[in-house]
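Inside the fold
Listed below, chain by chain, are the residues.
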Amino acid sequence: MDPIKIGLLGLGTVGGGTVSVLTRNIDEIARRAGREIIISHAAAKDYNADAIEGLDKIGKITDDVFGVVNDPDVEIIIELIGGYTLAKELVLKSIENGKHVVTANKALIALHGNEIFSAAQEKGVTVAFEAAVAGGIPIIKAMREGLAANQIQWAAGIINGTGNFILSEMRDKGRNFDDVLEEAQALGYAEADPTFDVEGIDAAHKLTIIGSIAFGIPLQFDKTYTEGITQIEQQDVVNAAELGYRIKHLGITRKTDKGIELRVHPTLIPERRLIANVDGVMNAVLVYGDAVGPTLYYGAGAGAQPTASAIVADVVDVVRALTTDPENRVPHLAFQPDAMSDIPVLDIEEIETAYYLRLSAVDRPGVLANVTSILGASNISIEAIIQKPAIEGSSQVPVIFLTQRVQEKNMNEAIRNIEALDTISGQVVRIRVETLK
Ligand code: HSE
């Protein structure tokens, strides 16, 4: 049989990794796919030819991306240019041309996936996106296929390596935020715009996809609550450790009676949980299915070869399914397109969780009583209180509360009332707490 011809868009970090893996493992991959897979045509603006192993095996390289998607010999397009606008145009054009697409573009899938999948379905082609979520971890395949028997109840993941690297270094080495971010950029983990990492946007893209394949709901990035790690202070990392917790930046999705929670934010989790011990640039996703219980998927969430591992696996899947009827292929979002659910995504005020609160209080009798009576009035039960020594030169003392689970709406009301007390200065720091049981 003739080899399958791939068109590759982008020869950056991940593009280079993909060339390297596909060419280095060409024989093993052919044994798995049943056909040899070659990159016959690639396009990129600039690339570092010396850094890409196997580049000489690519049939043709130009800077004309549309030349690749319009190449009649190419059957599968790998889109690795990133961004939304040109990438979307190229993916839709590839579909129109009857080509299958493999992409690592989480922003594209989270924002435009509904439109892209519907175009692909109409044309009978596949758009595969394993590499878009948690890099090399095969989480899409695990959830879409391996857990297909289950009603998934919730999933929680460390899905941004840069953010996890920063929080790990802050905790283990007391390093400051900016310094660690710079290192993550130098190591090639961070997004082109690192605010996507530290403001939680990258994790929100990935969680949007996880939520859809967990519950069979359309992709709704605009409804995903997004909070980053820029407000996390060293003292909160230390306080969390004293209380037996670690702060992780988590994406959490959960099905409740009222709707689906989709939220990305820093979270205190008990240090004894396996996922609390996932450090550095590594990712992990914990999925709870009603039949299987908790399952945990761990691995490299970023980097050239781990991401290439997911891309090439998608290519192999597409090749294996080339001769199957489109309607017999695994649905893009795990559920059949005519069986998607319209269960609503909940506003953050509607979610229920426990909280860590840190406030700065005047050290005199009655102050904490006022705070606890505000919490009581909002129906918030207290789990623990710690008063820390006053910071040198200040008459204020930091006070830490751990609360039991309560609706966020109630907590917002309580925080507003606490901040209005003249014995409390500044804003109350609030970090959500999850036991992940
Ligand atoms: N910037 C992302 C991260 C890369 O740090 O996880 C992988 O999506």
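The rules behind each value
- Residues numbered from 1 in each chain as written.
- Predicted model: local features only at pLDDT ≥ 70, side-chain atom pairs only at ≥ 80, totals over all residues.
- Heavy atoms only, no water.
- Core = buried A, V, L, I, M, F, W, Y, C linked by side-chain atoms within 4.5 Å.
- Buried < 20%, exposed > 50% of the residue type's maximum accessible area, 1.4 Å probe, protein only.
- Helix = DSSP H or I, 4+ residues; strand = E, 2+ residues; numbered from the N terminus.
- Contact = heavy atoms within 4.5 Å.
- Phe/Tyr/Trp six-rings, centres within 6.5 Å; stacked < 30°, edge-to-face > 60°.
- Domains from an automatic or database assignment.
- Buried area = accessible area lost by both parts, 1.4 Å probe.
- Salt bridge = Lys/Arg side-chain N within 4 Å of Asp/Glu carboxyl O.
- Polar contact = N/O pair within 3.5 Å; in protein donor to acceptor, adjacent residues only side chain to side chain.
- Nonpolar A, V, L, I, M, F, W, Y, C, P; charged D, E, K, R; others polar.
- Axes fitted to C-alpha atoms, helices over the stretch in contact; angles between N-to-C directions.
- Parallel < 35°, antiparallel > 145°, perpendicular 65-115°, else oblique.
- Left-handed = near helix turned anticlockwise from the far one by under 90°.
- Near = heavy atom within 4 Å.
- Arc of directions from axis to C-beta.
- Pairing = 2+ DSSP bridges.

1. Considering the nonpolar core
Here is a general trend for soluble globular proteins: nonpolar side chains tend to be buried in one another's company. If you look at the biggest cluster of nonpolar residues, it comprises 44 residues, and the most contacted ones within it are Ile139, Met143 and Val287. Secondary-structure elements contributing two or more residues to this core are helix H4 (85-96), helix H5 (106-123), helix H6 (139-146), strand S7 (152-158), helix H10 (201-215), strand S10 (260-270) and strand S11 (282-289). At eight residues, H10 tops the list of elements feeding residues into this core. When residues no more than four places from it in sequence are discounted, the contact partners of Met143 are Ala148, Ile152, Ile210, Ile213, Ala214 and Val287. Core analysis: the next-biggest nonpolar cluster, separate from the first, contains 31 residues, Ile29, Ala33, Ile52 and Leu80 among them.

2. Overview of the packing of aromatic side chains
Counted by the stated rule, this structure contains three aromatic pairs. Taking 5.7 Å as the distance between ring centres and 20 degrees as the angle between the ring planes, the aromatic pair formed by Trp154 and Tyr288 counts as stacked. Within this pair, whereas Trp154 is found in strand S7, its partner Tyr288 is found in strand S11, the two being separated by 134 residues in sequence. The class of Trp154 is buried, set by a relative accessible area of 8%. Relative accessible area serves as the criterion here: at 23%, Tyr288 is assigned to the partly exposed category. Residues Phe165 and Tyr189 carry aromatic rings whose centres are separated by 6.3 Å and whose planes lie at 75 degrees to one another, so their mutual orientation is edge-to-face.

3. Thoughts on the domain arrangement of the protein chain
Looking at the protein chain, the domain boundaries give domain 1 (4-138 + 304-339), domain 2 (142-299) and domain 3 (352-432). Here domain 1 packs against domain 2, burying approximately 1900 Å² in sum over the two surfaces, 68% of which is carbon and sulfur. A salt bridge links Lys106 to Glu191; the shortest N-O distance between them is 3.0 Å. Linking domain 1 to domain 2 there are five residue pairs in polar contact (both at pLDDT 80 or more). Grouping the amino acids of the side of domain 1 that touches domain 2 by side-chain chemistry returns 17 nonpolar, three polar and one charged.

4. Concerning the pattern of salt bridges
Tallied over the entire structure, the rule returns 31 salt bridges. Across the salt bridge formed by Arg358 and Asp236, the nearest N and O atoms sit 2.6 Å from each other. Of the two residues, Arg358 is situated in strand S13 (residues 352-362) and Asp236 in helix H11 (residues 234-242); the sequence distance between them amounts to 122 residues. Of the two residues examined, Arg358 and Asp236, each falls in the buried class.

5. Structural notes on the packing of H4 against H5
At a minimum axis distance of 9 Å, the contact between H4 and H5 shows a crossing angle of 10 degrees. The angle between H4 and H5 falls in the class roughly parallel. For the crossing formed where H4 meets H5, the hand is right-handed. For the pair H4 and H5, the contacting residues are Ala87, Lys88, Val91, Leu92, Ile95 and Glu96 in the first and Leu108, His112, Glu115, Ile116, Ala119, Ala120 and Lys123 in the second. In the contact of H4 with H5, the residues fall into eight nonpolar, one polar and four charged.

6. Description of the site of the ligand
In the vicinity of the ligand, the residues found are Lys106, Asn160, Gly161, Thr162, Tyr189, Ala190, Glu191, Asp197, Asp202, Lys206, Gly301 and Ala302. Contact distances for the ligand include 2.7 Å between an oxygen atom and a side-chain N or O atom of Thr162. Here Lys206 contributes a side-chain N or O atom positioned 2.8 Å from an oxygen atom of the ligand. Those elements that provide at least two residues to the shell around the ligand are helix H7 (161-173) and H10. The class makeup of the residues in the shell around the ligand is three nonpolar, four polar and five charged.

7. Re H11
Buried within H11 we find Asp236, Val237, Asn239 and Ala240. Buried residues of H11, seen end-on, are gathered within an arc of 165 degrees and therefore sit on one face of the element. Where H11 is buried, its residues contact H7, strand S9 (245-255), S10, S13, strand S15 (396-403) and strand S17 (424-433). At the exit of H11 stands Gly244, carrying a positive phi of roughly 90 degrees.

8. Description of the pairing of S15
Most of S15 is tucked away, with eight of its eight residues classed as buried. Residue alternation in S15 divides its side chains into two sets, Gln396, Pro398, Ile400 and Leu402 and Val397, Val399, Phe401 and Thr403, and both sets are buried. In this structure, S13 lies alongside S15, joined through seven bridges in antiparallel fashion. Following the sheet pairing, Ala361 is matched in S15 by Val397. Where strand S14 (residues 382-387) and S15 come together, five bridges link them in antiparallel fashion. Note on S15: the bridge partner recorded for Ile382 is Thr403.

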